[in-house]
Amino acid sequence: MEVDFDKNPEKLVPAIIQDARTRNVLMLGYMNQEALEVTRKTKKVTFFSRSKQRLWTKGEESGNFLELVNVKNDCDKDTLLISVNPLGPTCHTGTDTCWAEKNVQRYGFLSDLEGVIAARKNNTDNADSYVASLFRKGINKIAQKVGEEAVETVIEAKDSDDELFLNESADLLFHYLILLQAKGFTLEDIVETLKKRHK
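Residues numbered from 1 in each chain as written. Predicted model: local features only at pLDDT ≥ 70, side-chain atom pairs only at ≥ 80, totals over all residues. Heavy atoms only, no water.

For the protein, the name recorded in an unreviewed UniProt entry is Histidine biosynthesis bifunctional protein HisIE, with Flagellimonas flava as its organism.

(A) Region of interest: the packing of aromatic side chains. In this structure the tally under the stated criterion is one aromatic pair. In this arrangement the basic side chain of Lys44 is found over the ring face of Phe65, its NZ or CZ atom lying 4.2 Å from the centre. (Phe/Tyr/Trp six-rings, centres within 6.5 Å; stacked < 30°, edge-to-face > 60°. Lys NZ or Arg CZ within 6 Å of the ring centre and 35° of its normal.)

(B) Spatial organisation of the UniProt feature "domain: Phosphoribosyl-AMP cyclohydrolase" (unreviewed entry) in the protein. Following the UniProt record, the feature "domain: Phosphoribosyl-AMP cyclohydrolase" (unreviewed entry) maps to residues 27-99 here. Helix makes up 14% of residues 27-99 and strand makes up 38%, while its end C-alpha atoms are separated by 8 Å. (UniProt positions renumbered as here; feature names shortened; annotations may be inferred. Helix = DSSP H or I, 4+ residues; strand = E, 2+ residues; numbered from the N terminus.)

(C) Helix 3 (residues 130-137), seen in detail. What helix 3 keeps buried is the set Val131, Ala132, Ser133, Leu134 and Phe135. Of the surrounding secondary structure, the elements contacted by the buried residues of helix 3 are helix 2 (109-121), helix 4 (139-157) and helix 5 (162-182). If you check the start of helix 3, you find a side-chain oxygen 3.3 Å away from the backbone N of Val131, and it comes from Ser129. Phi turns positive one or two residues past the end of helix 3, at Gly138, with a value near 100 degrees. (Buried < 20%, exposed > 50% of the residue type's maximum accessible area, 1.4 Å probe, protein only. Contact = heavy atoms within 4.5 Å. Polar contact = N/O pair within 3.5 Å; in protein donor to acceptor, adjacent residues only side chain to side chain.)

(D) Seen up close, the environment of Gln144. Assignment of secondary structure puts Gln144 in helix 4. Distance in space between the C-alpha atoms of Gln144 and Leu179 is 9.8 Å, their sequence separation being 35 residues. In this structure the side chain of Gln144 is engaged in a polar contact, spanning 2.8 Å, whose partner is the side chain of Glu148.

(E) Expanded view of the nonpolar core. Core analysis: the largest hydrophobic core is formed by 18 residues, its most contacted members being Ile17, Met31, Val45, Leu80 and Ile82. Taken together, the elements giving at least two residues each to this core come down to strand 1 (13-19), strand 2 (25-31), helix 1 (33-42), strand 5 (66-73) and strand 6 (80-86). Membership of the second largest hydrophobic core comes to 12 residues, among which are Ile117, Phe135, Val146 and Leu180. (Core = buried A, V, L, I, M, F, W, Y, C linked by side-chain atoms within 4.5 Å.)

(F) Molecular detail of the packing of helix 4 against helix 5. Between helix 4 and helix 5, the least distance of the axes is 8 Å, while the angle of their chain directions is 155 degrees. By the criterion of interaxial angle, the relationship of helix 4 to helix 5 is roughly antiparallel. Both helix 4 and helix 5 take part in a crossing whose hand is left-handed. Residue-level contacts link Ile139, Ile142, Ala143, Lys145, Val146, Glu149, Ala150, Glu152, Thr153, Glu156 and Ala157 of helix 4 to Leu164, Phe165, Glu168, Ser169, Asp171, Leu172, His175, Tyr176, Ile178, Leu179 and Ala182 of helix 5. Of the residues that constitute the contact of helix 4 with helix 5, the class distribution is 13 nonpolar, three polar and six charged. (Axes fitted to C-alpha atoms, helices over the stretch in contact; angles between N-to-C directions. Parallel < 35°, antiparallel > 145°, perpendicular 65-115°, else oblique. Left-handed = near helix turned anticlockwise from the far one by under 90°. Nonpolar A, V, L, I, M, F, W, Y, C, P; charged D, E, K, R; others polar.)

(G) Inspection of unusual backbone geometry at higher detail. Positive phi, close to 55 degrees, is recorded for Lys11, a residue that is not glycine. Position of Lys11 relative to the elements: it lies in the segment before strand 1. Phi is positive for Ala100, which is not a glycine, with a value near 60 degrees. By secondary structure assignment, the location of Ala100 is in the loop between strand 6 and helix 2. Since its relative accessible area comes to 59%, Ala100 is described here as exposed.

(H) View of the pattern of salt bridges. Within this structure, the stated rule accounts for eight salt bridges. Linking Glu60 and Arg54 is a salt bridge whose minimum nitrogen-to-oxygen distance equals 3.0 Å. For Glu60, a relative accessible area of 36% corresponds to the partly exposed category. The salt bridge involving Lys195 is made with Glu192; its shortest N-O contact spans 3.5 Å. Placement of both Lys195 and Glu192 in helix 6 (residues 187-197) is noted, with a separation of three residues, approximately one turn of the helix. The exposure class of Lys195 is partly exposed, given its relative accessible area of 40%. One connected set of salt bridges, linked through shared partners, spans Lys145, Glu148 and Glu149. (Salt bridge = Lys/Arg side-chain N within 4 Å of Asp/Glu carboxyl O.)

(I) Structural view of the sheet that holds strand 6. Pairing in this open sheet of four strands is mixed, and the strands run 2-1-6-5 from one edge to the other. Each edge of the sheet is formed by a strand with only one pairing partner; in this case those strands are strand 2 and strand 5. Within this sheet the neighbouring strands show an average axis-to-axis angle of 30 degrees, counted without direction. Two elements, strand 5 and strand 6, share seven bridges in a ladder whose sense is antiparallel. Within the sheet, the bridge partner assigned to Leu68 lies in strand 6 and is Val84. Sitting on the sheet, helix 1 is in contact with strand 2, strand 5 and strand 6, with an inclination near 125 degrees to strand 2. (Pairing = 2+ DSSP bridges.)

Right, here's the structure in full:
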């Protein structure tokens, strides 16, 4: 991999640090040629510290190392994307990322929807909420709804109306997310189960 360290006088390139599992950006540092070589050799991310003017291995004082997974170079050969397994918080302030965000797996809109469902589960007094009403009725009613939506999805899969099929599929997924919450689980638990099966 050819990295163009000569584009700036300090011979440094930005190194974007990304969690290999969650794909969240954890921090930004800078590397020179030596820092990149040490990172590859030790499998612990090492930067060139502009303030200390020396090589600096992330975690050398805190123990919160960044274990190297892989390194990618961008199209201009002057920016690195480094995938890591973080051993503890990444930021020196103690937060997961340098943007004070939690380093949790996100599934886009589905994670937002999970958040709404969890809020309804914790506020079952909301008389206007369909989700809250299901939680009030209990696990048997929620499981029954998942079964009903599954049957309706299968029926629509056998027909040719794609819009109806997609709507029933959305209903099934929505009620399945409710069932997961009712059982105390999330999509992340399902993903981890699938990963264990993956060979």
